[in-house]
Amino acid sequence: MIRVEQNDTQVAKRALIGRLQLSLAVMAPMFAARRALEAVTPADPVPAAKMVDEVRLQLWLKAVKPYLKKVRERRKHNPWSMATVGYDEVRNCSLLSQLWNERSIGPIAWRFLAAYFDRIDCGNGRLPSLADLAQGYTVRTEHCPAGEQSDRVDITVEGKDFLVGIEVKIHASEGPDQLQRYCKVIASRAHGMGIPLNRQCVVFLAPFPTEVPGVLQSSWRDVAAAANEVTHSHLQADSTPAWMVRCFGEHVKEFFER
C-alpha cells in the first residue's frame, strides 16, 4: 500500500487540491450517469439486488449519452495545461507525486514510476525496479528526511529496502550546496533504516545537468517518455488514469520543447 505524507499545512493543502482534481476527473462521469438514471426512473423500493430490466437500461443509456460525449470531447484537451499548472515547480511536483501514487490512480502509478526509473542511467541497480515497487512504497512531498526544515527534498520514494530522493527543477537553479545536503540527509535516513549504500540515491530532475558527484541525472524528457510508454503498453488507451498520465507527459514537454 502506498501512502503520501505532507510536512506542513500549506503543502498538505496543495496535495489535497491535487487529489481532489484527480478524483473529480474520475468521478464526474459516474455522478452524471447516476443523475441521468434518476431522471428517467423513479426511486425503486425493492431490494437493491433486483436486476435492471432492458427498458430501464435502454432509457439510462439514452439519457447518459450526452454526458459521455462531453467526457470524450474533454479528453481532446489537456487538463493540466488548462488548469494553470504552468511552470510552477510546487504544483507540478505535487501532481507528479500523485500520479506516482497508487491510491490516487491505481496500478498505473507504480508502472509509471518504474518506467521513469528505468530511463535513468545508474548502471548498478540503485533505483527500484517494477518488482520492488509492486511490493509497496511510500511517496512523500516536501519531505525532511533528517527532520531539518531547511533540507526539504521535493519527492522521496521509500520502500523497505530502498530510498530515493528526487529534487525537481523547471526554471529555478540549484541552491548553494543543495544537492550535497540532500545526499547527506538521504544517506542519514537510509542508514537509520538499515538500507545499504547501493539502494539509496538522489535524483536530479531538471532541464539542465548538475555536476554534483553521486547524483543521478534525469530530465523531463524521461518523465514524458515514461508516461507515453505506460499509457500505450499497460492500460487501455481510453481509461481515465491512463489519460491523466498521458496528458501529464504531454504537458511536461513544454519544459524542454521551447
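That block above? That's the structure.
These numbers come from a predicted model, not from an experiment.

Whenever I open this one, helix α6 (residues 108-118) confuses me. Can you help?
Side chains three or four residues apart in an α-helix point the same way, a direct result of the helix having 3.6 residues per turn. With nine of eleven residues buried, α6 lies mostly within the body of the structure. Among the residues of α6, those classed as buried are I108, A109, W110, F112, L113, A114, A115, Y116 and F117.

I'm lost on the environment of R91 in this one. Help?
Considering the arrangement of structural elements, one finds R91 in helix α4 (residues 89-99). Non-local contacts of R91, meaning those with residues more than four positions away in its chain, are made with T84 and V85.

Explanation requested: the pattern of salt bridges in the structure shown.
Where charged atoms from two side chains of opposite charge come close, those side chains can pair. Here the structure, examined in full by the defined rule, presents seven salt bridges. Among the salt bridges present, the one from E250 reaches K253, with a minimum N-O distance of 3.2 Å. The exposure class of E250 is partly exposed, given its relative accessible area of 42%. Take K253: its relative accessible area is 27%, and that puts it in the partly exposed class. Connected via shared salt-bridge partners are D132, D161 and R199.

Can you walk me through the pairing of strand β4 (residues 162-168) in this structure?
Residues in a regular strand project their side chains so that they alternate between the two faces of the sheet. Of all seven residues that make up β4, seven are buried, and the element is covered over most of its length. Residues F162, V164, I166 and V168 of β4 are buried on one face, and the alternating residues L163, G165 and E167, pointing to the opposite face, are buried as well. When strand β3 (residues 153-159) meets β4, the two strands line up antiparallel, connected through five bridges. Bridging from a neighbouring strand, G159 pairs with F162 of β4. Taking the residues between adjacent antiparallel strands as the criterion, β3 and β4 are bridged by two residues. Relative to strand β5 (residues 200-205), β4 runs parallel, the two being bridged by six bridges. The partner of E167 across the bridge, within β5, is F204.

About the thresholds
Think of each chain on its own: its residues are numbered from 1, step by step along the sequence as written. Reporting in this predicted model follows two pLDDT cut-offs: at least 70 for local features of residues, and 80 or more for side-chain atom pairs to be given and counted; totals over whole chains, interfaces and linings ignore these cut-offs and use all residues. By convention in this description, side-chain values take in all heavy atoms of the structure and omit both hydrogens and water. Only protein chains enter the accessibility calculation, which uses a 1.4 Å probe. A residue is then buried if its area is under 20% of the maximum for its type, exposed if over 50%, and partly exposed in between. The numbering of helices and of strands both runs from the N terminus, where a helix is a DSSP run of H or I of at least 4 residues and a strand a run of E of at least 2. Residue contacts are defined here by distance: any two heavy atoms, one from each residue, within 4.5 Å place the two residues in contact. Basic side-chain nitrogens of Lys or Arg form a salt bridge, by our definition, when they fall within 4 Å of a carboxyl oxygen of Asp or Glu. Here the rule is simple: two strands pair whenever DSSP picks up at least two bridges between them.

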